[in-house]
Amino acid sequence: MKYSLSAKNLVCRNLENRAAYCADLLNPKQSKEITGLLRTDSGLLSVHFNQVVSNTVAQPRILQRFVVDYFAERHSPFSLWHCASKPLDDDALIALGMEKLPPRIAMAAEVKQLASQPKAVDGLDIISVDNADDLMRYGELVAALSDDTRESAQITKFFRQLSELPEHKYSRLKFFLGMLKDKPVATGSLFSSADALGFYDLGTLPEYRGRGIGTAMFHHLLNEVIHSHHKHAVALVDENRQNLLLNAGFYAVGEVARFQFVPQRSGAHQSQTPDSNSQQSDDQKRA
């Protein structure tokens, strides 16, 4: 599977399915797709839950009309995940007001080849989230891991609304909390698509890092995957976090480029074409 196009497609399909699934839980039937481009709209002002997944090199004018103008009219941020091997035109995207972020590494594995080495951490208990109160605690912890206060509020709002839904409505999402002496300190989740289980939200509060808590969470989720009916597992990780997955039996199968768009605080937006003489403000950053 190493560097296999089909393996990378597994990762991207899981990402697409999860993005649409999460958005549709709060804002049904608003996800739209054209050739090679999926746009999801959660109804929140969130780069975390308004995701665009690209599997082809779309022309800048298509991205502007189908994506940027759509969200700009709603004064809403979004993130763009580009899965195709051929890169997008960075300069054209910057001209549309988008900011390039570090890429993520796509990881994939056949479940039968995975090996879990559970890590015991004194005082750590990893629980499956199965009630509204724990789901809110999970969401608050994910929000706390964000360095953007406005995004944190939107993440909390997502999980508050999710906690009000019957559990069967979001059954393809499985959440796990790492509790250290009854304090939530780590998160992890699995998303089930038709052909893979995907790892998401792996994170530990900064003051508790370096104790093996994140590794313990990963292996707990890995054990869940090994005992599932799925044949494949996938993940998207920062470049410096590959080793944990590689040691468990994953392969790196390519990069996924990332961009984000955050409207100006005033909500003003000037629709531009990439060859416009005017430039987006250098001040347009994560708000």
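Structure report, in brief. Since we're looking at a predicted model, the values are computed, not measured.

**A look at the overall build of the protein chain**
Phase 1 of the analysis: What the protein chain contains, in helices and strands, is seven helices and eleven strands.
Phase 2 of the analysis: Relative to the compact-globule value of 19 Å for 287 residues, the protein chain shows a C-alpha radius of gyration of 19 Å, a close match.
Phase 3 of the analysis: By its C-alpha atoms, the protein chain is 60 × 40 × 35 Å across when sized along the principal axes.
Phase 4 of the analysis: Counting across all 287 residues of the protein chain, residues that qualify as buried make up 53%.
Phase 5 of the analysis: A separation of at least 24 residues holds for 74% of the contacts in the protein chain among residues at least 6 apart in sequence.
Phase 6 of the analysis: Total accessible area on the protein chain is roughly 14,000 Å²; 46% of this is exposed by carbon and sulfur atoms.
Phase 7 of the analysis: Across the protein chain, the mean location of the 32 positive side-chain charges is 3 Å away from that of the 33 negative side-chain charges.

**A closer look at the packing of aromatic side chains**
Phase 1 of the analysis: Counted under the stated rule, the structure contains twelve aromatic pairs.
Phase 2 of the analysis: Centre to centre, the rings of Phe159 and Phe175 are 5.7 Å apart; their planes meet at 75 degrees, and the pair counts as edge-to-face. With a gap of 16 residues between them, Phe159 in helix H5 (residues 149–163) and Phe175 in strand E7 (residues 173–180) connect regions that are remote in the sequence. Side by side, Phe159 and Phe175 carry an identical accessibility label, which is buried.
Phase 3 of the analysis: The ring of Trp81 carries Arg258 above its face, with NZ or CZ at 5.7 Å from the centroid.

**Re the pairing of E7**
Phase 1 of the analysis: For E7, the buried fraction is high: seven of the eight residues fall into the buried class.
Phase 2 of the analysis: Pairing of strand E6 (residues 124–128) with E7, which is carried by five bridges, proceeds in the antiparallel orientation. Across the sheet, residue Ile127 finds its bridge partner in E7, namely Leu177.

**Structural notes on the pattern of salt bridges**
Phase 1 of the analysis: Taken as a whole and assessed by the stated rule, the structure comprises seven salt bridges.
Phase 2 of the analysis: Of the charged contacts in the structure, one is a salt bridge between Asp90 and Lys100, with a shortest N-O distance of 2.7 Å. Of this pair, Asp90 sits in helix H3 (residues 90–95) while Lys100 sits in strand E5 (residues 98–110), placing them ten residues apart in sequence.
Phase 3 of the analysis: For Lys100, a relative accessible area of 46% puts it in the partly exposed group.
Phase 4 of the analysis: The salt bridge involving Asp238 is made with Arg104; its shortest N-O contact spans 2.8 Å. Here Asp238 is found in the loop between strand E10 (232–237) and helix H7 (242–248), whereas its partner Arg104 is found in strand E5, with 134 residues between them in sequence.

**Some points on the environment of Lys181**
Phase 1 of the analysis: Along the chain, Lys181 falls in the loop between E7 and strand E8 (183–192).
Phase 2 of the analysis: On the basis of relative accessible area, Lys181 is assigned to the exposed category, the value being 68%.

**Section: the packing of helix H4 (residues 132–144) against H5**
Phase 1 of the analysis: Relative orientation of the contacting elements H4 and H5 amounts to 165 degrees, with a least axis distance of 8 Å. Compared by their axis directions, H4 and H5 come out roughly antiparallel. Crossing hand, H4 versus H5: right-handed. Taking contact as the criterion, the partners of Ala132, Leu135, Met136, Tyr138, Gly139, Val142 and Ala143 in H4 are, on H5, Ser152, Ile155, Thr156, Phe159, Arg160, Leu162 and Ser163.
Phase 2 of the analysis: Among the residues making up the contact of H4 with H5, the classes are represented as nine nonpolar, four polar and one charged.

**Considerations on the pairing of E5**
Phase 1 of the analysis: Pairing analysis gives nine bridges linking E5 to strand E11 (residues 251–261), with the strands arranged antiparallel. Each bridged residue has a counterpart across the sheet, and for Ala108 the counterpart in E11 is Tyr251.
Phase 2 of the analysis: Sheet topology places E5 next to E10; six bridges connect them, and they run antiparallel. Its bridge partner being in E10, Met107 is matched across the sheet by Ala235.

**Re the side chain of Arg258**
Phase 1 of the analysis: The residue Arg258 is located in strand E11 in this model.
Phase 2 of the analysis: Within the buried set, Arg258 has no salt-bridge partner at all; the shortest N-O distance to an opposite charge, 4.9 Å, is to Asp238.
Phase 3 of the analysis: In terms of polar contacts, Arg258 uses its side chain to reach the backbone carbonyl oxygen of Pro102, at 2.8 Å.
Phase 4 of the analysis: Filtering out sequence-adjacent residues up to four positions away, Arg258 remains in contact with Leu80, Trp81, Glu99, Lys100, Leu101, Pro102, Pro103 and Arg104.

What counts, and at which threshold
- Residues numbered from 1 in each chain as written.
- Predicted model: local features only at pLDDT ≥ 70, side-chain atom pairs only at ≥ 80, totals over all residues.
- Heavy atoms only, no water.
- Helix = DSSP H or I, 4+ residues; strand = E, 2+ residues; numbered from the N terminus.
- Rg over C-alpha atoms; globule rule 2.2 N^0.38 Å.
- Buried < 20%, exposed > 50% of the residue type's maximum accessible area, 1.4 Å probe, protein only.
- Contact = heavy atoms within 4.5 Å.
- Areas by Shrake-Rupley, 256 points an atom, 1.4 Å probe, with all protein chains shown as cover.
- Lys, Arg positive; Asp, Glu negative; His and termini not counted.
- Charge placed at Lys NZ, Arg CZ, Asp CG, Glu CD.
- Phe/Tyr/Trp six-rings, centres within 6.5 Å; stacked < 30°, edge-to-face > 60°.
- Lys NZ or Arg CZ within 6 Å of the ring centre and 35° of its normal.
- Pairing = 2+ DSSP bridges.
- Salt bridge = Lys/Arg side-chain N within 4 Å of Asp/Glu carboxyl O.
- Axes fitted to C-alpha atoms, helices over the stretch in contact; angles between N-to-C directions.
- Parallel < 35°, antiparallel > 145°, perpendicular 65-115°, else oblique.
- Left-handed = near helix turned anticlockwise from the far one by under 90°.
- Nonpolar A, V, L, I, M, F, W, Y, C, P; charged D, E, K, R; others polar.
- Polar contact = N/O pair within 3.5 Å; in protein donor to acceptor, adjacent residues only side chain to side chain.

Shape is all these values report; function is a separate question.
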